[in-house]
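# Residue-level structure breakdown
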Amino acid sequence: MKKTILFLALLALGAASAMALPTRQNRDDSLLMVGYSPIGLHIPTLLTMPASVGLYLGTNWLVGAESGSFSIDSGDVGADSGDTFEGEFSNRGVFGRWFPGTNSFNFLLALHQRNWEIRFGTTISLDAGGSAPISATLTTEATVATLGIGNQWMMDFGMIVGVDWLVVSGLLMDDAALQVDAISILGVELDPDAAVALGLISQADVDRANKEAQKAGDIINDISAFPGILVLTLGWAF
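Keep in mind it's a predicted model, so treat the numbers as computed, not measured. Per chain, residue numbering runs from 1 following the sequence as it is written. The model is predicted, so local features are restricted to residues of pLDDT at least 70 and side-chain atom pairs to those at 80 or more, both for listing and for counting; the totals for chains, interfaces and linings are taken over all residues. Note that the side-chain values use all heavy atoms of the structure and ignore hydrogens as well as water.

## Describing the overall build of the protein
Looking only at helices and strands, the protein has five helices and nine strands in total. Listing every helix and strand of the protein by position from the N terminus yields α-α-β-α-β-β-β-β-β-β-β-α-α-β. Each of the 238 residues in the protein was classed as buried or not, and the buried ones make up 43%. With the model as given, the accessible surface of the protein reaches about 12,100 Å², and the carbon-plus-sulfur share is 64%. Strands here are runs of E lasting at least two residues and helices are runs of H or I lasting at least four, both read from the DSSP assignment and numbered beginning at the N terminus. Any residue under 20% of the maximum accessible area for its type is buried, any over 50% is exposed, and the rest in between are partly exposed; the area is computed with a 1.4 Å probe on protein chains only. Residue burial considers only the protein chains on display, and all accessible areas are found by Shrake-Rupley using a 1.4 Å probe.

## What about the pairing of strand E5 (residues 105-125)?
Should DSSP find at least two bridges between two strands, the strands are regarded as paired. In this structure, strand E4 (residues 84-98) lies alongside E5, joined through 15 bridges in antiparallel fashion. Bridge pairing links Thr-84 to Gly-121 in E5. What sits between E4 and E5 in their antiparallel hairpin is a turn of six residues, with Gly-101 showing a positive phi close to 75 degrees. The sheet contact formed by E5 and strand E6 (residues 131-154) spans 21 bridges and is antiparallel. If you follow Gly-121 over to E6, its bridge partner there is Ser-135.

## Considering the pairing of E4
Bridge count for strand E3 (residues 61-73) against E4 is 13 bridges, and the pairing is antiparallel. Within E4, the position partnered with Glu-66 by the bridge is Gly-93.

## Things to note about the packing of aromatic side chains
The rule is short: rings of Phe, Tyr and Trp, with Trp giving its six-membered ring, pair when the centres are within 6.5 Å, and they are stacked under 30 degrees, edge-to-face over 60, tilted in between. Tallied over the full model, the rule gives six aromatic pairs. The interplanar angle of 80 degrees and the centroid separation of 5.2 Å between the aromatic rings of Phe-105 and Phe-107 together place this pair among those described as edge-to-face. Taking relative accessible area as the criterion, Phe-107 reaches 32% and is therefore assigned partly exposed. On the numbers, 5.9 Å between centres and 50 degrees between planes, the contact of Phe-157 with Trp-236 is tilted. Taken together, the residues span a long stretch of sequence, with Phe-157 in the loop between E6 and strand E7 (159-185) and Trp-236 in strand E9 (residues 228-237) at a distance of 79 residues. For Trp-236, a relative accessible area of 34% puts it in the partly exposed group. Chaining the aromatic ring pairs together yields one cluster made of Trp-61, Trp-98, Phe-105 and Phe-107.

## Looking at unusual backbone geometry
Positive phi values are uncommon outside glycine, yet Met-49 reaches one of about 40 degrees. You can see Met-49 is positioned in the loop between helix H3 (43-48) and strand E2 (51-57). Residue Leu-230 is not a glycine yet carries a positive backbone phi of 55 degrees. Relative to the helices and strands, Leu-230 resides in strand E9.

## What to know about a negative patch on the surface
Taken together, the side chains of Glu-141, Asp-174, Asp-175, Asp-218 and Asp-222 make up a negatively charged region of the molecular surface. For the negative patch, the elements supplying multiple residues, two or more each, are E7 and helix H5 (203-224). Residue placement: Glu-141 occurs in strand E6. To count toward a patch, a residue needs a relative accessible area over 30% and no salt bridge; like charges are then connected within 9 Å, while nonpolar side chains (Val, Leu, Ile, Met, Phe, Trp, Tyr) are connected within 5 Å. A carboxyl oxygen of Asp or Glu within 4 Å of a side-chain nitrogen of Lys or Arg is what we treat as a salt bridge. Positive residues here are Lys and Arg, negative ones are Asp and Glu, while His and the chain termini are left out of the count. The location of each charge is read from NZ of Lys, CZ of Arg, CG of Asp or CD of Glu.

## Looking at the side chain of Thr-48
You can see Thr-48 is positioned in helix H3. Contact criterion: two residues are considered in contact whenever any of their non-hydrogen atoms come within 4.5 Å of each other. Ignoring anything within four residues of it in the chain, the contact list for Thr-48 reads Gly-68, Ser-69, Phe-70, Phe-89 and Asn-91.

Now the structure itself:
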């Protein structure tokens, strides 16, 4: 609730500023902007709260880059199934905002690289019966293109309040890969190739684990390209 109230208050402040002194004029007098996006109905923004830096190219263009990251582990979510995991999500990209002769309204164009690395321990079912604990690393890579519409108000003392009302994204390239680091057989951790060579597990067991991880990676990459609304950016212009 407090975040919602702050969000609405900043919108009102930005609108009031736009009436007091044209944002377009302030943009023309500025060169550098720094900011961050603390909130929005957009999964990559909510997770990473990216910081940004940009350059104003006259009154009609802002170009820049942004970066954010997020870490999580099984302790953070209170997992009690016996499975463990820890993961890092990175969200880095470049963007351009085009103000087509407007005061604050702009079109957003962006390109992001959104990657996960998740290390986990779980069990797999074996063709021969029973199960075996494994430790593995899942990596995903998603290159995401984004289009959006929004407003960015700049106050006469340099504060920036921006809102992207709608951002729509699509995957340009994506990949997911699983590396099985070790399989525990009778309490002894073995390299998966060695376990297969010794006949302790089958190659089909390993292939099945890879296939399931690939499905999970595809879902994660799809989430990285979800659309969003009401993405707030706060910053300062110089």
